[in-house]
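Listed below, chain by chain, are the residues.
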Amino acid sequence: MSRIVMKFGGTSVANMQRIRAVAAHVRREADAGKSVAVVVSAMAGETNRLVALCEEAGAPAPALDARGVEYDAVVASGEQVTSSLLALVLQNLGYRARSWQGWQIPLKTDAAHGKARIAEIDAEAIGAAMDGGEIAVVAGFQGIAPNGRIATLGRGGSDTSAVALAAAVGAERCDIYTDVDGVYTTDPRLAKKARRIAKISFEEMLEAASLGAKVLQTRSVELAMAHKVPLRVLSSFEPPDAQGPGTVICDEDDIVEQNIVSTVTPDFNDASVTILAVPDEPGRAAGIFTALADADINIDMIVQSASREPGYANISFTTKEGELDRALEVLSAEQDAIGFKSLQSDRKVAKVSVVGLGMKSHAGVASIMFKTLADKGINIQNISTSEIKISVLIDADAAEYAVRVLHEAYGLDDDRKPGA
Ligand code: ADP
Ligand code: ASP
Ligand code: MG
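Residues numbered from 1 in each chain as written. Chains lettered and ligands numbered in written order. Predicted model: local features only at pLDDT ≥ 70, side-chain atom pairs only at ≥ 80, totals over all residues. Heavy atoms only, no water.

Trainee: Run through the pattern of salt bridges, naming residues and quoting values.
Mentor: Scanning all chains against the criterion turns up 30 salt bridges. Among the ionic pairs, Asp 65 bridges to Arg 67, the shortest N-O distance being 3.1 Å. Looking at Arg 67, the relative accessible area reads 38%, which means it is partly exposed. Residue Asp 300 is joined to Lys 351 by a salt bridge in which the shortest nitrogen-to-oxygen separation is 2.7 Å. Note that Asp 300 is positioned in the loop between helix 9 (284-294) and strand 15 (302-306) and Lys 351 in strand 18 (residues 349-355), a separation of 51 residues in sequence. (Salt bridge = Lys/Arg side-chain N within 4 Å of Asp/Glu carboxyl O. Buried < 20%, exposed > 50% of the residue type's maximum accessible area, 1.4 Å probe, protein only. Helix = DSSP H or I, 4+ residues; strand = E, 2+ residues; numbered from the N terminus.)

Trainee: I'd like a description of helix 2 (residues 46-56), backed by residues and values.
Mentor: Within the sequence span of helix 2, burial applies to Thr 47, Leu 50, Val 51 and Cys 54. Projection of helix 2 onto a plane perpendicular to its axis shows the buried side chains occupying an angular sector of 100 degrees, all on one side. In this fold, the buried residues of helix 2 make contact with helix 3 (66-75) and helix 4 (77-92). Gly 58 sits one or two residues past helix 2 and shows a positive phi near 95 degrees. (Arc of directions from axis to C-beta. Contact = heavy atoms within 4.5 Å.)

Trainee: Please provide a residue-by-residue account of the site of ligand 2, values included.
Mentor: Within the structure, ligand 2 sits among Ser 41, Ala 42, Thr 47, Glu 79, Phe 141, Arg 155, Gly 156, Gly 157 and Ser 158. One of the side-chain N or O atoms of Ser 41 is found 3.1 Å from an oxygen atom in ligand 2. Here Gly 157 contributes a backbone N or O atom positioned 3.3 Å from an oxygen atom of ligand 2. Protein burial of ligand 2: of its 260 Å² of free accessible surface, 87% is covered by the chains. For the shell around ligand 2, the per-class residue count stands at two nonpolar, five polar and two charged. (Near = heavy atom within 4 Å. Polar contact = N/O pair within 3.5 Å; in protein donor to acceptor, adjacent residues only side chain to side chain. Areas by Shrake-Rupley, 256 points an atom, 1.4 Å probe, with all protein chains shown as cover. Nonpolar A, V, L, I, M, F, W, Y, C, P; charged D, E, K, R; others polar.)

Trainee: So what's going on with the environment of Ile 249? Which residues, and what values?
Mentor: Mapped onto the secondary structure, Ile 249 falls in strand 12 (residues 247-250). Since its relative accessible area comes to 1%, Ile 249 is described here as buried. Sequence spacing of Ile 249 and Met 205 is 44 residues, and the spatial spacing of their C-alpha atoms is 7.4 Å. Not counting residues up to four positions away in its chain, the partners in contact with Ile 249 are Ile 200, Ser 201, Phe 202, Met 205, Leu 216, Leu 231 and Val 233.

Trainee: Describe the nonpolar core, with residues and values.
Mentor: The biggest cluster of nonpolar side chains holds 42 residues, and the ones touching the most others in it are Val 5, Leu 165 and Cys 174. Here the element with the most residues in this core is helix 6 (residues 158-169); it accounts for six residues. Each residue touching Val 5, except ones within four places of it in the same chain, is listed here: Ala 37, Val 39, Ala 162, Leu 165, Ala 166, Val 169, Ala 171, Arg 173, Cys 174 and Asp 175. (Core = buried A, V, L, I, M, F, W, Y, C linked by side-chain atoms within 4.5 Å.)

Trainee: Account for helix 8 (residues 218-227), naming residues and giving values.
Mentor: By the burial criterion, the buried members of helix 8 are Ser 220, Val 221, Leu 223 and Ala 224. Each buried residue of helix 8 lies within a common arc of 160 degrees when the element is viewed along its axis, so the set occupies one face. At its buried positions, helix 8 is contacted by helix 6, helix 7 (202-210) and strand 11 (231-235). Two residues or fewer after helix 8 comes Lys 228, characterised by a positive phi angle close to 55 degrees.

Trainee: Mind laying out unusual backbone geometry, listing which residues take part and the relevant values?
Mentor: That bond from Ile 105 to Pro 106 is cis: its omega, -10 degrees, falls within 30 degrees of zero. Located in the positive-phi region is Lys 228, a residue other than glycine, with phi close to 55 degrees. As for its placement among the helices and strands, Lys 228 is situated in the loop between helix 8 and strand 11. Of note in this structure, Asp 296 is not a glycine but carries a positive phi near 60 degrees. Considering the arrangement of structural elements, one finds Asp 296 in the loop between helix 9 and strand 15.

Trainee: Talk me through the sheet that holds strand 20 (residues 389-395); I want residue IDs and the actual numbers.
Mentor: Backbone hydrogen bonds are what pair the strands of a sheet, in a parallel or an antiparallel way. Read across the open sheet, the four strands follow the order 13-18-20-19; overall the sheet is antiparallel. Edge positions in the sheet fall to strand 13 (263-267) and strand 19 (382-386), since each of these pairs with one other strand and no more. Going from strand to strand, the sheet's axes swing by 20 degrees on average, the running direction of each strand aside. Pairing analysis gives seven bridges linking strand 18 to strand 20, with the strands arranged antiparallel. For Val 354, the partnering residue across the bridge sits in strand 20 and is Ile 390. (Pairing = 2+ DSSP bridges. Axes fitted to C-alpha atoms, helices over the stretch in contact; angles between N-to-C directions.)

Trainee: Tell me about the sheet that holds strand 12, and please be specific about residues and values.
Mentor: Strands sit in the order 3-6-2-1-9-11-12-10 across an open sheet of eight strands; the sheet is mixed. Bordering the open sheet on either side are strand 3 (97-100) and strand 10 (199-201), each of which pairs with just one other strand. Direction aside, neighbouring strands of the sheet carry axes that sit 20 degrees apart on average. Examined bridge by bridge, strand 1 (residues 3-8) and strand 2 (residues 35-40) share six bridges and lie parallel to one another.

Trainee: Kindly report on the pairing of strand 19, identifying the contributing residues and their values.
Mentor: In terms of strand pairing, strand 19 meets strand 20 through five bridges, oriented antiparallel. For Thr 385, the partnering residue across the bridge sits in strand 20 and is Ile 390.

Trainee: Give me the lowdown on the site of ligand 1, citing residues and values where you can.
Mentor: Neighbouring ligand 1 are 16 residues, the closest being Thr 178, Asp 179, Tyr 184, Asp 187 and Arg 189. Take Tyr 184: an N or O atom from its main chain is 2.8 Å from a nitrogen atom of ligand 1. Within the side chain of Arg 189, one N or O atom sits 2.5 Å away from an oxygen atom of ligand 1. Coverage of ligand 1 by the protein amounts to 89% of the 570 Å² it exposes when considered alone.

The analysis is restricted to geometry; functional conclusions fall outside its scope.
As structure tokens, then:
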């Protein structure tokens, strides 16, 4: 029998009414003869509430010590509730259904509590239950670490649970149900003219996710790409008997017409750091970035520019807002060793990125971006590029406007929608 994995996010299981709507989608697939595993998130807002409680109790996320173990036990509880509630609703509809917590599968992770990676999934028992006609309702976001304790997979991690499970049980597809009916050319909440994309390549989706499009967790796209899991994004808010086509995430070769730019993605979680007057000599940048790496701080856009003082340079980089304080502490501790004069930081920045496979073969994509922003008086603080993306760092207040003007400049606007 063919197996499928369906995943429902927080807004899709936000209350009992929504959980009943999810059950109707699950029934459709079970009635069609599929062996079904359903992965669920916690109710919308619940994980945030649990994280805030942990912070109050002295566990800042993710803590890589004894606090991280307890943090994970708390924040994983949201999924325990929704998986069992959905199993109950399905049972009441006359289906055989059972909830599975991460440790019951078991879904084994590494030891990085709060941002664990999946090491291995033992799919035998759950696969047998599915094929025996029982709907497996899996608590997303969680697994079991080598120390035998619950570990969570980082925010948005239920997407990754679903894709990893789909790969482990050899599912014919993994359907991610959410509160939008697919992947859009930009976040539809920010731009009314955003359009649903029928097909997007794994590569573009991976880039967009890692640049801040939270519709899929980055790691889930990586896994789908590596294990060739057919992946779709669909809406759980559509009637189960009138499900739209959503977005198919597929190989580049399966896309006939490649867009030069397919998505415009803002990220409001960045912060920038400028290190002023670093001696302009070999080894200083190495000292800075080794200290940050040793503290496990992720760095993104880096720019070195000349300082006003001869023989010195300024070095700027971005990091995630949540890591800024630690980055500043690490650098301050190294000030004498590195020999810089002072540090500046800015939380009021945002990264705006354009992603598209067509960039590989088309010239002029960057100049459209820079000219469009210049025409609107938006100053670029920092730039980074890869083969299929260009990112700029700008003032956070200008970011939503920048998304809309870039969306239009790259011909992505949907002009059929009124009132946009
Ligand atoms: P879930 O709780 O179902 O996991 P998320 O909130 O994590 O849902 O992801 C869905 C949200 O992602 C949408 O509501 C939308 O605002 C946001 N989003 C950001 N970028 C995009 C995009 N390019 N296409 C679609 N949705 C996007
Ligand atoms: N509930 C978790 C979170 O809010 C995991 C998820 O929703 O994917 O991050
Ligand atoms: Mg999500």
